[in-house]
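Residue-level listing of the chains:
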2 protein chains.
Amino acid sequence: MTPFSRHPLDAAILNLGGAHQFSEAEQSAIKKLPITIRLFRPQQDIVHENGPSTQCCIILDGWTCRHQSFEAGHRQISSLHIPGDLPDLQSLHLNDPDFGMTALTKARVAFVPHANMHRLIERFPAIGTAFRREAQVSAAIQRAWLSSLGRRDARGRLAHLFCELYLRLGAVGITDGYILPMPLRQTDLADAVALTPVHVNRTLKDFRISGLIKLQVRKLEILDWPGLRAVSELNPQYLHQK
Amino acid sequence: MTPFSRHPLDAAILNLGGAHQFSEAEQSAIKKLPITIRLFRPQQDIVHENGPSTQCCIILDGWTCRHQSFEAGHRQISSLHIPGDLPDLQSLHLNDPDFGMTALTKARVAFVPHANMHRLIERFPAIGTAFRREAQVSAAIQRAWLSSLGRRDARGRLAHLFCELYLRLGAVGITDGYILPMPLRQTDLADAVALTPVHVNRTLKDFRISGLIKLQVRKLEILDWPGLRAVSELNPQYLHQK
DNA sequence: CGCTTATTTGACCTCGCTCAATCTGGGTGG
DNA sequence: CCACCCAGATTGAGCGAGGTCAAATAAGCG
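Rules of the game
Residues numbered from 1 in each chain as written. Chains lettered and ligands numbered in written order. Predicted model: local features only at pLDDT ≥ 70, side-chain atom pairs only at ≥ 80, totals over all residues. Heavy atoms only, no water. Helix = DSSP H or I, 4+ residues; strand = E, 2+ residues; numbered from the N terminus. Contact = heavy atoms within 4.5 Å. Lys, Arg positive; Asp, Glu negative; His and termini not counted. Charge placed at Lys NZ, Arg CZ, Asp CG, Glu CD. Phe/Tyr/Trp six-rings, centres within 6.5 Å; stacked < 30°, edge-to-face > 60°. Buried < 20%, exposed > 50% of the residue type's maximum accessible area, 1.4 Å probe, protein only. Pairing = 2+ DSSP bridges. Axes fitted to C-alpha atoms, helices over the stretch in contact; angles between N-to-C directions. Near = heavy atom within 4 Å. Polar contact = N/O pair within 3.5 Å; in protein donor to acceptor, adjacent residues only side chain to side chain. Buried area = accessible area lost by both parts, 1.4 Å probe. Salt bridge = Lys/Arg side-chain N within 4 Å of Asp/Glu carboxyl O. Nonpolar A, V, L, I, M, F, W, Y, C, P; charged D, E, K, R; others polar. Domains from an automatic or database assignment.

Within chain A, the secondary structure is distributed over eight helices and ten strands. In terms of overall dimensions, chain A has C-alpha extents of about 55 × 45 × 30 Å along its principal axes. Contacts spanning at least 24 positions in sequence make up 72% of the contacts within chain A whose residues lie at least 6 apart. Taken together, the 28 basic and 22 acidic charged side chains of chain A have centroids lying 4 Å from each other.

Once that is clear, we can look at the packing of aromatic side chains. Across all of its chains, the model carries eight aromatic pairs over all chains by this definition. Here B:Tyr166 and B:Trp225 contribute two aromatic rings whose centre-to-centre distance is 4.8 Å and whose plane-to-plane angle is 50 degrees, an arrangement assigned as tilted. Of this pair, B:Tyr166 sits in helix H5 (residues 154-171) while B:Trp225 sits in helix H8 (residues 225-232), and the two are 59 residues apart along the sequence. Of the residues examined, B:Tyr166 reaches a relative accessible area of 17% and is grouped as buried. Residue B:Trp225 is classed as buried on the basis of its relative accessible area of 15%. Pairwise contacts between aromatic rings join A:Tyr166, A:Tyr178 and A:Trp225 into one cluster.

Residues and elements named next belong to chain B. Across the sheet, which stays open at both edges, the three strands sit in the order E1-E7-E3 with antiparallel pairing between neighbours. Two strands lie at the open edges of the sheet, namely strand E1 (36-40) and strand E3 (55-61), each paired on one side alone. Taking each pair of neighbouring strands and ignoring which way they run, the sheet shows an average axis angle of 30 degrees. Across six bridges, E3 lies against strand E7 (residues 107-113) in antiparallel orientation. Following the sheet pairing, Cys 56 is matched in E7 by Val 112.

Neighbouring DNA strand C are 16 residues; A:Ala154, A:Thr196, B:Arg185, B:Gln186 and B:Asn201 lie closest to it. A share of 72% of the atoms of DNA strand C within 4 Å of the protein falls on sugar and phosphate groups. Between DNA strand C and A:Thr196, the relevant distance is 2.9 Å, taken from a phosphate oxygen to a side-chain nitrogen or oxygen of the residue. Take B:Gln186: an N or O atom from its side chain is 2.5 Å from a phosphate oxygen of DNA strand C. Every element with two or more residues in the surface near DNA strand C is listed here: helix H7 (197-209) of chain A together with helix H7 (197-209) of chain B. Take the surface near DNA strand C: its biggest share by element is five residues, from H7(B).

Turning our attention to the interface of chain B and chain A. Frequently, the measure chosen for interface size is the accessible area removed from exposure when the parts meet. Counting from both sides, the interface comprises 47 residues of chain B and, opposite them, 47 residues of chain A. Summing both partners gives a buried area of about 4,300 Å² for chain B against chain A, and 57% of it is carried by carbon and sulfur. Summed over the three residues of chain B that lose the most area to chain A, namely B:Arg132, B:Arg143 and B:Arg151, the buried surface amounts to 21% of that side. In this structure, A:Asp98 engages B:Arg143 in a salt bridge whose closest nitrogen and oxygen atoms are separated by 2.8 Å. Summed over the shared surface of chain B and chain A, the number is 24 residue pairs in polar contact (both at pLDDT 80 or more). Those elements that place two or more of their residues in the side of chain B that touches chain A are strand E4 (64-69), strand E5 (75-81), helix H4 (125-151) and helix H6 (186-193) of chain B. Broken down by element, the side of chain B that touches chain A gets its largest block of residues, 19 residues, from H4(B). Residue composition of the side of chain B that touches chain A, by class: 20 nonpolar, 14 polar and 13 charged.

Here we take up the side chain of A:Gln136. Its place among the elements puts A:Gln136 in helix H4 (residues 125-151). Not counting the four nearest positions on each side in its chain, A:Gln136 is found in contact with A:Arg143, B:Leu89, B:Gln90, B:His93, B:Leu94 and B:Ala135.

Now for the domain arrangement of chain A. Residue and element names in this part refer to chain A. As far as domains go, chain A holds domain 1 (3-144) and domain 2 (153-239). For domain 1 versus domain 2, the distance between C-alpha centres works out to 24 Å. With 15 residues of domain 1 in contact, the opposing surface of domain 2 contributes 17 residues. Interface of domain 1 and domain 2: buried area, both sides summed, is about 1,500 Å²; carbon and sulfur atoms make up 65% of it. Considering only the side of domain 1, the residues that lose the most area to domain 2 are Trp 63, Leu 80 and Ile 141, jointly responsible for 36% of the buried surface there. Our enumeration of links across domain 1 and domain 2 arrives at three salt bridges.

Below, the structure is given as C-alpha cells:
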C-alpha cells in the first residue's frame, strides 16, 4: 500500500470485491483496463436518458445519480452513486438505457469500452460473479427505496435516506464520526425521496428542532443516531455490507 | 417441439435466453438440474423475509410477489412474478434476503440447490451472462416502479401497472387480445402501487367509467389501450423485450 | 343456504402540494 | 473593500389527492 500502488480504480476494486477480494491477477487485469477519465460539473449529464452507450462508467470522485424524467417536468432520482460505484453495468447487457445519469457535484468519471469489459469477464469468471453480486446489491437498495416511497411518510423517507448514506459512506471511509458530506441541494433530496423541495425544507426543519440532525453547508451531522434510525425504520440488511 | 420435449423449465429457458437463445448443450444442462417442485396456495409464503435460503426458485405456474413489511402492518410489493421468472437469483450471491416472497395465486414453484446453479454457471458462462442480464432487466422494472410510486398519481400508477402486465404477459403468450388474467385482489394491487384498497377501488371505478378497462372475475380487459397508455405515461423501453 | 372474504360507497380528515413572497450567503465586478 | 446578484433556503396561506373509519353489498364456497 505504498503511494505508488494508488490507481484510480482502487476504490472500485475494493467495492466490487466485496467479501472475497480479487486475486492479484484479477486486480492487475482490472487496472490494465483502458480508461478514459472525464470531468463533469454539477448538473451535467453523464449518460443521456436516450441513446445507447458503448462504455461503462466508474465513479472516481464526486456524486452522481440515476434518474427518470416525466412530462410534467418532474424527475425521480432512482439511485445515488459515490466513488467506487459502477452505475452503468446495465449497458453491458441492455442496449437502451431506461435512465439518465447526471453529476450532482463536480465529478471525475472513468469510462471503459464494453468490449474490454466483456473480455475481462471472459478471462476472469470471478469478475463476472462480482458483477452479478453488484447488480443484486444495487437492486436491493432500489427495493428499499421503492418501499420507502411507497410506505413511509416524509420524515421516514428522509431519515431513511440519511441513514443509508451514513452507512454507505461509512463503508468507504468517507464519514467523520457522525458527520457526512451532503452535497445535495434540497431540490435533489426532493427528487430522491419524491417530495417537493418546500416539503423537504419543512421536514428538515422538523428534524433540526427535534435535535436529530444538524445540516450546514454541504455537511450533515447526525446528532441522534438512534432517534433518526427509529424514524427511518431502517433495516440495514439490504445494504449487504460485509 | 413434440409434446415429448415439454419440460417444466421450458418457459424459464425461453425467458432467460432472451435475444440469443441457449445452445442445445446449455438447454439440456438446465433441464438436467435436480429440481424439487412444490405447490403453494394463495397468500402462502415461498421465501420468508428473514432466514437464509439455500435454493433458487423458478416459477412454473401462477403468480408470486416479492414484498417488504412495515411495522404499521403495511406491506409493499416490489415485484410481481409470472411463469418463467427466476425471482430469487439474489440468494446465489447474498446470504440474507431483504424481501419475502409469497404466492398470490395457486402456484407451482421449482427449487434448485445453489450448488448446482453455481456449477452450471461455471460450466456454461453464457448462462452466467444470462443471469446478469436478467438481474439488469428486473432492476430496470424496479426502477420503473420506483418512479411510478414517486411521481405518478393513483391513476398513473394503476394504469402503468396494467400496461406493464399487458406487455409482460403478452411476451410469454398469456394474453388473449386485450384480455389478460388478473388474479390480484384489490388489496394486492394496493400493496403494489402503494395506495389503500379503498382508493384502488375508486380509481378502478374511474377507469371503468372512462371506458378504459373492464375488470371482471380474475380477468382484465383493456378497452382503450391508447387511452390507458396515455394515462400511464408508459415508456416500454424499460422492459427490454426482444 | 349460511358464512366468509372481497368489493363498493359515503363522510370526514390530513399530509404534502401549490403558489408566492422573503431571506440568506457566497461569488463577482467595479 | 463593498455593493450587487443570484441560486438556494425559508416561511406563510390555502387547497386537494388520497387516507381513515365505518357500513353496506356482492361474490365464492362448503
